[in-house]
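Letter by letter, the chains look like this.
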Amino acid sequence: MAEIHTDPQSADLQKLAEAVGRGMYERDHCAQAHGIELLEIAPGYARMTMTVRKDMVNGHDIGHGGMTFTLADTAFAYACNAANEVTVAAGCSITFPAPAKLGDVLTAECREVHKRGRSGVYDVTVTNQDGTVVGLFRGQSARISGTVIPVE
């Protein structure tokens, strides 16, 4: 049987990302209030979900774009903070290719596209339970001072 070797640094970075995710979520009152759940986190990556509730539907009886944006922005925040370096949004934009609807289970998947120095670029795709894309978000990050969770 072949021996499997894992990169200890990768394993440490993954453990750190998971700890950061837990620490952020404990203090993330916005995510909790909107029922946003963290499904997966890794260095430069996060996947989160949210169900579109009645209070998230607008006057056109479709999901309010601001709620889709909130989910995408939250996944962006977790992905760019996963390295335990306090990072904030410097700018972001979103496109809505299709509407979200009442009862839809939305999933936001964020991936780091580019990171250099204190800046980064991240793309988030938001899909419903059928795989229909309801949001395409791009965020630019800026690292500021500090850590998200205490360093041991």
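Residues numbered from 1 in each chain as written. Predicted model: local features only at pLDDT ≥ 70, side-chain atom pairs only at ≥ 80, totals over all residues. Heavy atoms only, no water.

In the nomenclature of an unreviewed UniProt entry, the chain is known as Hydroxyphenylacetyl-CoA thioesterase PaaI of Azospirillum ramasamyi. Looking at the chain in UniProt, the text filed under Sequence similarities (unreviewed entry) is "Belongs to the thioesterase PaaI family." (UniProt positions renumbered as here; feature names shortened; annotations may be inferred.)

Draft legend 1. Just the nonpolar core, in detail. If you look at the biggest cluster of nonpolar residues, it comprises 34 residues, and the most contacted ones within it are M50, L71, F76, L106, C110, V124 and V126. Counting residues per element, the ones that place at least two in this core are α1 (8–27), β2 (45–51), α3 (65–81), β4 (105–116), β5 (119–127) and β6 (133–143). Sorting elements by how many residues they give to this core places α3 first, with 8 residues. Look past the residues within four positions of L71 in its chain and what remains in contact with it is I36, M48, T49, M50, L106, T107, A108 and V126. (Core = buried A, V, L, I, M, F, W, Y, C linked by side-chain atoms within 4.5 Å. Buried < 20%, exposed > 50% of the residue type's maximum accessible area, 1.4 Å probe, protein only. Helix = DSSP H or I, 4+ residues; strand = E, 2+ residues; numbered from the N terminus. Contact = heavy atoms within 4.5 Å.)

Draft legend 2. Local environment of the pattern of salt bridges. What the rule picks out here adds up to 6 salt bridges. Note that R138 is salt-bridged to D123, the shortest N-O span being 2.6 Å. One end of the pair, R138, is in strand β6; the other, D123, is in strand β5, and 15 residues separate them in sequence. (Salt bridge = Lys/Arg side-chain N within 4 Å of Asp/Glu carboxyl O.)

Draft legend 3. Representation of the environment of A77. Along the polypeptide, A77 turns up in helix α3. Measuring from C-alpha to C-alpha, the distance between A77 and C110 comes to 9.2 Å, with 33 residues separating the pair along the chain.

Draft legend 4. Region of interest: the sheet that holds strand β3 (residues 87–95). A sheet is described by the order of its strands in space; here 6 strands give the open sequence β1-β2-β4-β5-β6-β3, paired in antiparallel fashion. Both outer strands of the open sheet, β1 (37–42) and β3, are each paired with one neighbouring strand and no more. Ignoring which end each strand starts from, the neighbouring axes of this sheet average 20 degrees apart. Summarising the sheet, β1 and β2 pair through 5 bridges and their orientation is antiparallel. The residue bridging E40 from the neighbouring strand is R47, located in β2. (Pairing = 2+ DSSP bridges. Axes fitted to C-alpha atoms, helices over the stretch in contact; angles between N-to-C directions.)

Draft legend 5. Seen up close, α3. Over its 17 residues, α3 runs 24 Å from end to end, which matches the ideal 24 Å to within 8%, given 1.5 Å per residue. Across the 17 residues of α3, 12 count as buried, placing the element largely inside the fold. Every buried residue belonging to α3 is among M67, T68, T70, L71, A72, T74, A75, F76, Y78, A79, C80 and N81, and all of these are buried. (Expected span 1.5 Å × (residues − 1).)

Draft legend 6. Here's a closer look at the UniProt feature "domain: Thioesterase" (unreviewed entry) in the chain. The UniProt feature table records "domain: Thioesterase" (unreviewed entry) at residues 64–133. Counted over residues 64–133, helix gives 24% and strand 44%. Its end C-alpha atoms are 15 Å apart.

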